[in-house]
Amino acid sequence: LKGDFSSLTGLDLFAGSGAIGFEFASRGAKEVTLIEKNRVAMQALQATKDKLRAQQILLIEGDAFIKVRSLDQKFDVIFIDPPFAMNFHEKALRGVISLLKEDGLIYVESPKEWEISSIQSELDLEIVREATAGAVTYRLLKIKKVDL
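Reference entry: report on the structure contained in this document.

Conventions used here
Residues numbered from 1 in each chain as written. Predicted model: local features only at pLDDT ≥ 70, side-chain atom pairs only at ≥ 80, totals over all residues. Heavy atoms only, no water. Pairing = 2+ DSSP bridges. Helix = DSSP H or I, 4+ residues; strand = E, 2+ residues; numbered from the N terminus. Buried < 20%, exposed > 50% of the residue type's maximum accessible area, 1.4 Å probe, protein only. Arc of directions from axis to C-beta. Contact = heavy atoms within 4.5 Å. Axes fitted to C-alpha atoms, helices over the stretch in contact; angles between N-to-C directions. Right-handed = clockwise from strand over helix to strand, strands pointing away. Core = buried A, V, L, I, M, F, W, Y, C linked by side-chain atoms within 4.5 Å.

Right, let's get into the pairing of strand S7 (residues 136–143). Relative to S7, strand S5 (residues 100–111) runs antiparallel, the two being bridged by six bridges. Paired with Pro111 across the strands is Val136, a residue of S7. Bridge count between strand S6 (residues 125–133) and S7: eight bridges; the pairing is antiparallel. Looking at the pairing, Thr132 lines up with Thr137 of S7.

Along helix H4 (residues 89–96), the residues that are buried comprise His89, Ala92, Leu93 and Val96. Viewed end-on, H4 has its buried residues packed into an arc of 100°, placing them on one side of the element.

So, on to helix H1 (residues 19–26). Of all the residues in H1, the buried ones are Gly21, Phe22, Phe24 and Ala25. Taken around the axis of H1, the buried residues stretch over an arc of 155°, which confines them to a single face. Those residues of H1 hidden inside the fold are in contact with strand S1 (9–12), strand S2 (31–36), helix H2 (39–52), strand S3 (57–61) and strand S4 (75–80). Phi turns positive, to about 100°, at Gly28, one or two residues after H1.

Another point: the sheet that holds S4. Strand order in this open sheet of seven strands is S3-S2-S1-S4-S5-S7-S6, and the pairing throughout is mixed. Edge positions in the sheet fall to S3 and S6, since each of these pairs with one other strand and no more. This sheet shows a mean twist of 15° between the axes of neighbouring strands, independent of strand direction. Set on the sheet, H1 makes contact with S1, S2, S3, S4 and S5; between it and S2 the angle comes to about 170°. Against the sheet, H4 makes contact with S1, S4, S5, S6 and S7, and its axis sits at roughly 170° relative to S5, the strand it touches most.

What follows covers the side chain of Gln120. Inspection of the secondary structure assignment puts Gln120 in helix H5 (residues 117–122). Overall, the relative accessible area of 18% leaves Gln120 in the buried class. Residues in contact with Gln120, not counting those within four places in the same chain, are Leu125, Glu126 and Ile127.

By the alternation rule, side chains of S1 split into Thr9 and Leu11 and Gly10 and Asp12, which are all buried. Where S1 and S2 come together, four bridges link them in parallel fashion. Within the sheet, the bridge partner assigned to Thr9 lies in S2 and is Glu31. The β-α-β motif built from S1, the intervening H1 and the parallel element S2 has right-handed crossover chirality.

In terms of nonpolar packing, the biggest core is built from 26 residues, with Leu11, Leu13, Ile78, Ile80, Leu93 and Ile106 touching the most fellow members. Among residues more than four places away in sequence, those in contact with Leu13 are Ile35, Ala64, Val68, Phe79, Ile80, Ala92 and Val96. Of all hydrophobic cores here, the second largest spans 19 residues; its members include Leu8, Phe22, Leu59 and Leu140.

Functional significance is not addressed by these values, which are geometric in nature.
Below, the structure written as structure tokens:
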């Protein structure tokens, strides 16, 4: 992603260390919401937010699948990088698709073996960019435009 991020909002579903969300914020994003279930990880996220004085970062502690239901905004970019062993990729995509702005993007990090085609057609997603590094595949997705 390149360009002016000052009007963009982001959602990081499984924040973990916060690397993805803080990176997006550091590039000038207007607001980035990080959801993390693990209390120790959340304390580290709060410490990082305080240290960086990152006012545009909103931290939410809890289960991402429950917390997204109470979000009342749409996002320009949604980051999905769950613990691979949990196999949450499809559930996460289904859970956030309604939170994506019309021209928004979803970034998904998954094991390279993960087969995206069934969920991709179910949700009408288009792969904008895709790359594999080692055992990990990175995909940038958007909702297909309907030609009238």
